[in-house]
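Structural overview
Residue-level listing of the chains:
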Amino acid sequence: MNLRHLEMRLERLEGFERPIARLEQYQTPAPVAARLLHHAAMQGAIEGRRVCDIGCGTGVLTCGAALLGASAVAGVDIDPAAIDIAHRNARALGVSVGFLVADIRDPTVDRTRLACDTVVMNPPFGAQKAHADRPFIDRALDLAGVVYGIFNEGSTPFVAAYTEGRAAIEEVIRCAFPLRRTFAHHRKERVDITVEVIHLQRI
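Nothing here was measured: the structure is a model prediction, and the numbers come from that model. (Residues numbered from 1 in each chain as written. Predicted model: local features only at pLDDT ≥ 70, side-chain atom pairs only at ≥ 80, totals over all residues. Heavy atoms only, no water.)

**A few points about the nonpolar core**
By size, the foremost hydrophobic cluster in this structure holds 42 residues, and its most contacted members are Leu10, Leu36, Leu37, Ile46 and Val95. At the level of elements, α1 (3-11), α2 (30-42), α3 (60-67), α4 (80-93), β5 (146-152), β6 (167-180) and β7 (190-202) are the ones that each hand at least two residues to this core. Top contributing element to this core by residue count: α2, with eight residues. Setting aside its immediate chain neighbours within four residues, Leu36 contacts Leu61, Val120, Tyr148, Gly149, Ile150 and Val197. With 24 residues, the next largest nonpolar core counts Val76, Cys116, Ala140 and Leu143 among its residues. (Core = buried A, V, L, I, M, F, W, Y, C linked by side-chain atoms within 4.5 Å. Buried < 20%, exposed > 50% of the residue type's maximum accessible area, 1.4 Å probe, protein only. Helix = DSSP H or I, 4+ residues; strand = E, 2+ residues; numbered from the N terminus. Contact = heavy atoms within 4.5 Å.)

What follows is the structure in structure tokens.
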């Protein structure tokens with residue numbers, strides 16, 4: 001499946017019905033999700049691999065990984081309402097995905113359900129709570145040797161320092177992230193920010 005076809009399929013998916021500000025529930029834009037997944041697939045990290053999407057929200061990255069031929073895909077999120085939508089999105093695309101309602105910070109989460117070769121994620125940027133992305137980075141590197149994550153522009157030095165001795169940054173892809181009005185404090189209908197898709201390889 002080429003990049004444009006993947007993006008078109010993901011654009012049809014449902015977003016959050018009642019997004020929660022403290023969880024920074026922004027829908028992952030289809031162009032960004034497609035670019036991350038297509039690039040990871042070109043590097044052999046998706047097709048035939050076990051993929052886990054942590055903080056999966058409505059399942060955009062999860063479903064996209066399934067479309068690209070992952071051997072097994074799991075998505076985990078703390079919000080049951082988001083997982084309900086993710087189930088609907090998976091059914092709409094006709095893909096088989098396992099979803100789990102859980103807090104990725106909880107050490108008692110069943111690791112067997114999250115066992116994977118590759119982690120994909122769009123963690124919180126830390127706008128509501130500083131360092132909210134750290135538990136996601138920690139869990140990602142705990143679960144898989146290969147990680148692709150979406151981070152706010154300028155995050156690469158922090159990620160490099162935070163993961164020093166645990167992982168190496170293989171590459172950084174910068175792309176536009178259209179942030180649509182989601183919460184009451186948003187004044188504009190859309191703001192385009194730049195994000196960094198960071199590829200981490202566990203040492």
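**Description of the packing of aromatic side chains**
Two descriptors summarise a pair of aromatic rings, namely the distance from one centre to the other and the angle between the planes of the rings. Evaluation of the coordinates by the stated rule reveals two aromatic pairs. Taken together, a centroid distance of 6.1 Å and an interplanar angle of 65° make the contact between Phe125 and Phe177 edge-to-face. Of this pair, Phe125 sits in the loop between β4 (118-121) and α5 (134-143) while Phe177 sits in strand β6, placing them 52 residues apart in sequence. Given the relative accessible area of 26%, Phe125 is considered partly exposed. A relative accessible area of 2% places Phe177 in the buried class. Measuring from centroid to centroid gives 5.5 Å for Phe158 and Tyr162, while their planes differ by 25°, and the two rings are stacked. Here Phe158 pairs with Tyr162, and both are found in helix α6 (residues 156-162), just four residues apart, close to one helical turn. With relative accessibility at 26%, the residue Phe158 sits in the partly exposed group. Owing to a relative accessible area of 24%, Tyr162 belongs among the partly exposed residues under this scheme. (Phe/Tyr/Trp six-rings, centres within 6.5 Å; stacked < 30°, edge-to-face > 60°.)

**Some thoughts on the pattern of salt bridges**
In total, this model carries 10 salt bridges according to the counting rule given. Asp103 serves as the salt-bridge partner of Arg105, at 2.9 Å between the closest nitrogen and oxygen. Residue Arg111 pairs with Asp142 through a salt bridge whose shortest N-O separation is 2.4 Å. Linking Arg111 in the loop between β3 (98-101) and β4 with Asp142 in helix α5, this pair joins segments that are 31 residues apart in sequence. Taking the relative accessible area as the measure of exposure, Asp142 reaches 38% and is therefore partly exposed. (Salt bridge = Lys/Arg side-chain N within 4 Å of Asp/Glu carboxyl O.)

**Points about the environment of Pro19**
Within the element layout of this structure, Pro19 appears in the loop between α1 and α2. In this structure the C-alpha to C-alpha distance between Pro19 and Tyr162, which are 143 residues apart in sequence, comes to 29 Å.

**Quick notes on the environment of Asn2**
One can find Asn2 in the segment before α1. A sequence separation of 66 residues divides Asn2 from Leu68, and the C-alpha atoms of the two residues are 9.5 Å apart. Here the side chain of Asn2 touches His5 through a polar contact of 2.7 Å, landing on its backbone nitrogen. (Polar contact = N/O pair within 3.5 Å; in protein donor to acceptor, adjacent residues only side chain to side chain.)

The analysis is restricted to geometry; functional conclusions fall outside its scope.
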